[in-house]
Amino acid sequence: LPSVCVQPGFSPKICPGTDVSLVAESGYNYLWSTSETTQSITVDTAGSYYVTVTDTSSGLSAQSENIQVSFYTTSLPVINMLGSFLVSTPAITYQWLFNGDTIVGEAGSDITPQVDGDYSVRVTDSNGCILTSDPFPFIMPGVAELSNTNVFQIKLVNKNFVELMLNSQNSG
């Protein structure tokens, strides 16, 4: 019987959204559990895989051991606002994005936003998986601009209550 060796010779764990190549030794005809007939296959789905190899000269066949492909358990990073900072959940490396584009030089666990927009962070976790947070819509805090067509009326009702009235006068 032909010997069957598949690389990697262990059951790999991979990051979600990635794939792994399974490669049988050369010189045979191949039939993988996926019905593919090439020497190697690329898989991006967790599961059990094996290959049957056939020696074309003798017609003898042998099947490999099952190779179990699984995914690391991961969590997307989460952005929280802490004072004037946006802070990511812990990771190994960080890269901040603004409206989907890389912010050059912003590779720490927090950032001080400078303008309104969607901030996200791409991190590498302890398994080497690269994960990107959902966008965090940031609006700069501050006082809204007031035009001279607004009239305010403030009235002290009692020592614990103030009444504020805003009348907008639009011209046009």
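The structure this text deals with has already been given above.
Residues numbered from 1 in each chain as written. Predicted model: local features only at pLDDT ≥ 70, side-chain atom pairs only at ≥ 80, totals over all residues. Heavy atoms only, no water.

Novice: Give a detailed account of the pairing of strand β15 (residues 117-124), specifying residues and quantitative values.
Specialist: Sheet analysis places strand β12 (residues 93-98) next to β15, joined by six bridges and oriented antiparallel. For Y94, the partnering residue across the bridge sits in β15 and is V123. Bridging between β15 and strand β17 (residues 136-138) involves three bridges; their strand directions are antiparallel. Within β17, the position partnered with Y119 by the bridge is F136. Two elements, β15 and strand β16 (residues 130-132), share three bridges in a ladder whose sense is antiparallel. When the sheet's bridge partners are listed, V123 is paired in β16 with L131. What sits between the antiparallel neighbours β15 and β16 is a turn of five residues, in which G128 has the positive phi angle 85 degrees. (Pairing = 2+ DSSP bridges. Helix = DSSP H or I, 4+ residues; strand = E, 2+ residues; numbered from the N terminus.)

Novice: Let's hear about the sheet that holds strand β5 (residues 40-43): which residues, and what values?
Specialist: On the basis of which strands lie adjacent, the open sheet formed by three strands has the order β1-β3-β5 and antiparallel pairing. The sheet is open, and its two borders are formed by β1 (6-7) and β5, each paired with just one other strand. Strand direction decides the pairing type here: β1 and strand β3 (residues 20-24), joined by two bridges, are antiparallel. Within β3, the position partnered with V6 by the bridge is A24.

Novice: I'd like to hear about unusual backbone geometry, residue by residue, with values.
Specialist: Although it is not a glycine, S35 sits at a positive phi angle of roughly 80 degrees. Here S35 shows up in the loop between β4 (29-32) and β5. Residue class for S35 comes out exposed when judged on its relative accessible area of 57%. At N99, a position not held by glycine, the phi torsion is positive, near 50 degrees. In this structure, N99 sits in the loop between β12 and β13 (101-102). (Buried < 20%, exposed > 50% of the residue type's maximum accessible area, 1.4 Å probe, protein only.)

Novice: I'd like a description of the environment of T132, backed by residues and values.
Specialist: Structurally, T132 is set in strand β16. Along the sequence, T132 and L76 sit 56 residues apart, while their C-alpha atoms lie 6.3 Å from each other. Ignoring anything within four residues of it in the chain, the contact list for T132 reads L76, P77, L97, S120, V121 and R122. (Contact = heavy atoms within 4.5 Å.)

Novice: Hey, could you go over the packing of aromatic side chains for me, with residue numbers and the actual values?
Specialist: This structure, assessed with the given rule, holds two aromatic pairs. Relative to Y119, the ring of F98 lies with its centre 5.0 Å away and its plane at 55 degrees, an arrangement referred to as tilted. Here Y119 lies in strand β15 and F98 lies in strand β12, a separation of 21 residues in the sequence. A centroid spacing of 6.0 Å and a plane angle of 90 degrees characterise the contact between Y119 and F138, whose relative ring orientation is edge-to-face. Residue Y119 is located in strand β15, and its partner F138 is located in strand β17; the two are separated by 19 residues in the primary sequence. Given the relative accessible area of 3%, Y119 is considered buried. (Phe/Tyr/Trp six-rings, centres within 6.5 Å; stacked < 30°, edge-to-face > 60°.)

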